[in-house]
Amino acid sequence: MTNTTVEPDEATRLRNKVVDELCADGNISSPEIEEVMRKVPRHEFTPADTPLDKAYDTYAAVITKTDEHGVQLSSVSAPQIQAMMLEQAQVKPGMRVLEIGSGGLNAAYLAELVGEDGEVVTVDIDPVVTDLARQLLNEHGYGRVHVVTADAAEPIPDLGEVDVVMVTAGAWDVSPAWTAQLKQGGRLVVPLRMRGLTRSVAFIQVTGEHGPYLESESARICGFVPMQGSTAHREELLLVNGTPEIGLKFDDGLPADPHRLDNAVTFPRHELWTGVTVRIQELIDTLQMAMAISLPGFCTMAVDENSDSGLVAPVNKRFALAAVEDDTFAYLVTRRTEDNKHLEYGVHALGPHAEQFADKIADVLRDWEANRRGGPSPVIRVYPAGTPDDHIPADRVIDKVHSRVSLSWPSA
């Protein structure tokens, strides 16, 4: 289906190198996805001034649009993320697929996977994005892909039911339109943000005792440009003590009385090392989720480098796992172990109950090490908003506008 233009040898070499790396690291496991990612010329779907080595960086996205403040509005996802989500989607020949968040490249992959008897509809809210996607798809022989400019949180007119809904923009909520357009037993793949943490979740639509809901089949750590339109959602920022130095970001609303933290920084910083160690480069996705599930005041912390006085000392000033409890807040830190091959987790806490709160967070980490480390991710279920609590099995329920998201650890 691609055009017959002779590509530069270097582009072909780099594309094959990317796919070889993705096969080796397990992000590609099916021959169909390997074939389409070797075939479609990724670099021709990125901006014309993108160097080939940037277009074919296995683990980096190519930013295609920003606003006047430099905030990313659209991108071509990293090959690793695209391969991961295509594997999660399990698209087969003859299927009907709705892609939400258009750019052209992923729609081309999907068109190859569904074949001549299938159908792909790709939707984006930004007409600049859809116009370019239409142009690129036509140029490369994918004219059968339907490109629609619309807010995909609303029903797409005349779409009918689809086998797969694949969302390629970061979503805070699950739109009812997505599930309404999904066939019974169909699959929704979406980068879903829960308590500030984003996971690419492959959901299967299930009919339970009290009605249909979505249940996760897999969840993989990822990052995405946030969705625009009616389901857009921003984190809320709490500036500790009213200064820009320390910012706590809450995804599901601020604490009931945030001013209780006003004096936290006037107390000496309590530091506790937990004895919990991880290998350098080890994925800590389940540790992040353990904190998000176990700590009601879970949040993330950032420090303004221009006004940093050293009151707090996170390893990463832009993003640290943190939590609040009444008049005290705490965050995670790490340090290298003596063998220089591992990192040990510690807790820094500030406030009148710093020691007790640090102990509580350390207990969460030790429980993760004993019972969750190396195990499966939590089961994520999505129910319609208004579903009663007694219909939702959960260790943590997150209420959103259109849905209630439950997180439950699998039984041992």
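A few points on the structure. In this text, all values refer to a predicted model and were calculated from it rather than measured experimentally.

Analysis parameters
- Residues numbered from 1 in each chain as written.
- Predicted model: local features only at pLDDT ≥ 70, side-chain atom pairs only at ≥ 80, totals over all residues.
- Heavy atoms only, no water.
- Helix = DSSP H or I, 4+ residues; strand = E, 2+ residues; numbered from the N terminus.
- Rg over C-alpha atoms; globule rule 2.2 N^0.38 Å.
- Buried < 20%, exposed > 50% of the residue type's maximum accessible area, 1.4 Å probe, protein only.
- Contact = heavy atoms within 4.5 Å.
- Pairing = 2+ DSSP bridges.
- Axes fitted to C-alpha atoms, helices over the stretch in contact; angles between N-to-C directions.
- Parallel < 35°, antiparallel > 145°, perpendicular 65-115°, else oblique.
- Left-handed = near helix turned anticlockwise from the far one by under 90°.
- Nonpolar A, V, L, I, M, F, W, Y, C, P; charged D, E, K, R; others polar.
- Phe/Tyr/Trp six-rings, centres within 6.5 Å; stacked < 30°, edge-to-face > 60°.
- Lys NZ or Arg CZ within 6 Å of the ring centre and 35° of its normal.

1. Digging into the overall build of the protein
Phase 1 of the analysis: Secondary structure assignment for the protein yields nine helices and 19 strands.
Phase 2 of the analysis: Computed over the C-alpha atoms, the radius of gyration of the protein is 23 Å, within 12% of the 22 Å expected from 2.2 N^0.38 for a compact globule of 412 residues.
Phase 3 of the analysis: Structurally, the protein occupies a C-alpha span of about 70 × 50 × 45 Å along its principal axes.
Phase 4 of the analysis: Counting the 412 residues in the protein, one finds 50% classified as buried.
Phase 5 of the analysis: Within the protein, contacts between residues at least 6 apart in sequence are counted, and of these 59% link residues at least 24 apart.

2. Here's the deal with the environment of valine 405
Phase 1 of the analysis: Relative to the helices and strands, valine 405 resides in strand 19 (residues 403–408).
Phase 2 of the analysis: The spatial distance from the C-alpha of valine 405 to the C-alpha of leucine 239 is 28 Å, given a sequence separation of 166 residues.
Phase 3 of the analysis: Apart from the residues within four sequence positions on either side, valine 405 is in contact with Met194, Ile380, Arg381, Val382, Arg396, Val397, Ile398 and Lys400.

3. Side note on the pairing of strand 6 (residues 162–167)
Phase 1 of the analysis: Burial analysis of strand 6 places six of its six residues in the buried class, the great majority of the element.
Phase 2 of the analysis: Two strands pair when backbone bridges link them, and strand 3 (residues 96–100) and strand 6 are joined in this way by four bridges, in the parallel orientation. Bridge pairing links isoleucine 100 to valine 167 in strand 6.
Phase 3 of the analysis: Note: strand 6 against strand 7 (residues 182–194), four bridges, orientation parallel. What sits directly across from methionine 166, in strand 7, is valine 189.

4. Some words on the sheet that holds strand 6
Phase 1 of the analysis: Read across the open sheet, the ten strands follow the order 5-4-3-6-7-8-9-17-19-18; overall the sheet is mixed. Either end of the sheet is taken by a strand with one partner, and the two such strands are strand 5 (146–149) and strand 18 (396–399). Here the strands of the sheet are splayed against their neighbours by 20° on average, with no regard to which way each runs.
Phase 2 of the analysis: Contacting strand 6, strand 7, strand 8 (197–208) and strand 9 (211–221), helix 4 (residues 79–89) runs over the sheet at an angle of about 150° to strand 7.
Phase 3 of the analysis: Packed on one face of the sheet, helix 8 (residues 285–294) meets strand 8, strand 9, strand 18 and strand 19 and runs near 70° to strand 8.

5. Let's talk about the packing of helix 8 against helix 9 (residues 354–371)
Phase 1 of the analysis: Remark: helix 8 packs on helix 9, axes separated minimally by 10 Å, with the N-to-C direction vectors making an angle of 135°. Relative to helix 9, helix 8 is oriented oblique. Between helix 8 and helix 9 lies a crossing whose hand is right-handed. Between helix 8 and helix 9, the contacting residues are Thr286, Leu287, Ala290, Met291 and Ser294 on the first element and Ile361, Val364, Leu365 and Trp368 on the second.
Phase 2 of the analysis: Across the contact of helix 8 with helix 9, the residue classes break down as seven nonpolar, two polar and no charged.

6. What to know about helix 4
Phase 1 of the analysis: For helix 4, a buried count of eleven out of eleven residues is recorded, marking the element as mostly surrounded by other parts of the structure.
Phase 2 of the analysis: Along helix 4, the residues that are buried comprise Pro79, Gln80, Ile81, Gln82, Ala83, Met84, Met85, Leu86, Glu87, Gln88 and Ala89.
Phase 3 of the analysis: Following helix 4 by one or two positions, glutamine 90 has its phi on the positive side, about 50°.

7. What about the packing of aromatic side chains?
Phase 1 of the analysis: Here the structure, examined in full by the defined rule, presents one aromatic pair.
Phase 2 of the analysis: Considering the side-chain rings of tyrosine 213 and tyrosine 383, the 5.0 Å spacing of their centres and the 20° angle between planes classify their relative orientation as stacked. With a gap of 170 residues between them, tyrosine 213 in strand 9 and tyrosine 383 in strand 17 (residues 379–384) connect regions that are remote in the sequence. Residue tyrosine 213 shares its accessibility class with tyrosine 383, and that shared class is buried.
Phase 3 of the analysis: Arginine 335 extends its terminal NZ or CZ atom over the ring of tryptophan 273, reaching a point 4.0 Å from the ring centre.

8. Digging into the sheet that holds strand 15 (residues 328–336)
Phase 1 of the analysis: On the basis of which strands lie adjacent, the open sheet formed by seven strands has the order 10-11-13-14-15-16-12 and antiparallel pairing. Each end of this open sheet is capped by a strand with a single partner; those strands are strand 10 (236–239) and strand 12 (270–279). The mean inter-strand angle of the sheet, taken between neighbouring strand axes irrespective of direction, is 35°.
Phase 2 of the analysis: Bridging between strand 12 and strand 16 (residues 342–350) involves seven bridges; their strand directions are antiparallel. Bridged to glutamate 271 within strand 16 is histidine 348.
Phase 3 of the analysis: On the sheet, helix 8 packs against strand 13 (298–303), strand 14 (320–325), strand 15 and strand 16 and is oriented at approximately 115° with respect to strand 13.

Nothing here speaks to function; it is geometry throughout.
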